[in-house]
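A look at the structure
Next come the chains, spelled out residue by residue.
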Amino acid sequence: SSDLPRVLLDGTFCQAALRGRVQLKEQLPGYLRGEVELCTTGCVLKELASLGKELYGARVIAQRFQVRHCFHVKSPVAGSACLLSLIAGGNPHKYFVATQDQDLAAKVRKKAGVPLLFIIQNTIVLDKPSPKSLAFVQAMQTSQLVPKQQKKNIELLKETQGIAKEFNPRGRSEEH
């Protein structure tokens, strides 16, 4: 498995891309500034197939992506439920979720560290980080290695030792 960002797409996103003439394979890498792996699941493909002619185009698009393994092979579930199962447990595979489904989006926002992509007016848009993600990042920064009080003590120590002052290595040695 590669280290490329993986984007999990559902049927609603493929349909919106089709309608808005958004070329996902060309535009997503541009938007995310680099190569990406576009993925979907068997459940999403089966759901699109079951919805008939109207979503044929979206299904053709989705079929071009890598199909990620899910646990519903024998009894497929709704595409949204399937995508939620793949990001469960802290999103270990670092998926982005690309959907137009507001209900799914609301559930994804409750999880930390799952970036959400939408198509709005024929443009791919990254949702602003959820409060859950922001809280997670802040907690990580706060607990990073050195407790706050210790950081203050180190700063104080540097000041009293004169280490914190601007250090100019070229200053004195050039004077003759």
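Attention in this report is confined to the structure presented alongside it. (Residues numbered from 1 in each chain as written. Predicted model: local features only at pLDDT ≥ 70, side-chain atom pairs only at ≥ 80, totals over all residues. Heavy atoms only, no water.)

Looking now at helix α3 (residues 42-50). In an α-helix, one full turn covers 3.6 residues, which means residues spaced three or four apart are oriented alike. Regarding α3, the residues found buried are Gly 42, Cys 43, Val 44, Leu 45 and Leu 48. In this structure, the buried side of α3 is in contact with β1 (6-9), α1 (11-19), β2 (37-41), α4 (56-62), β3 (66-68) and α5 (79-86). Two residues or fewer after α3 comes Gly 52, characterised by a positive phi angle close to 75 degrees. (Buried < 20%, exposed > 50% of the residue type's maximum accessible area, 1.4 Å probe, protein only. Helix = DSSP H or I, 4+ residues; strand = E, 2+ residues; numbered from the N terminus. Contact = heavy atoms within 4.5 Å.)

Below, the discussion takes up the pattern of salt bridges. In this structure the tally under the stated criterion is 4 salt bridges. For the salt bridge of Glu 37 with Arg 6, the shortest nitrogen-to-oxygen distance reads 3.1 Å. With Glu 37 in strand β2 and Arg 6 in strand β1, this pair connects stretches of sequence that are 31 residues apart. By relative accessible area, Arg 6 is classed as buried at 4%. Lys 107 serves as the salt-bridge partner of Asp 103, at 3.4 Å between the closest nitrogen and oxygen. You can see Asp 103 and its partner Lys 107 sitting in helix α6 (residues 102-109), 4 residues apart, about one turn around the helix. Since its relative accessible area comes to 38%, Lys 107 is described here as partly exposed. (Salt bridge = Lys/Arg side-chain N within 4 Å of Asp/Glu carboxyl O.)

Taken by themselves, the reported measurements are silent on function.
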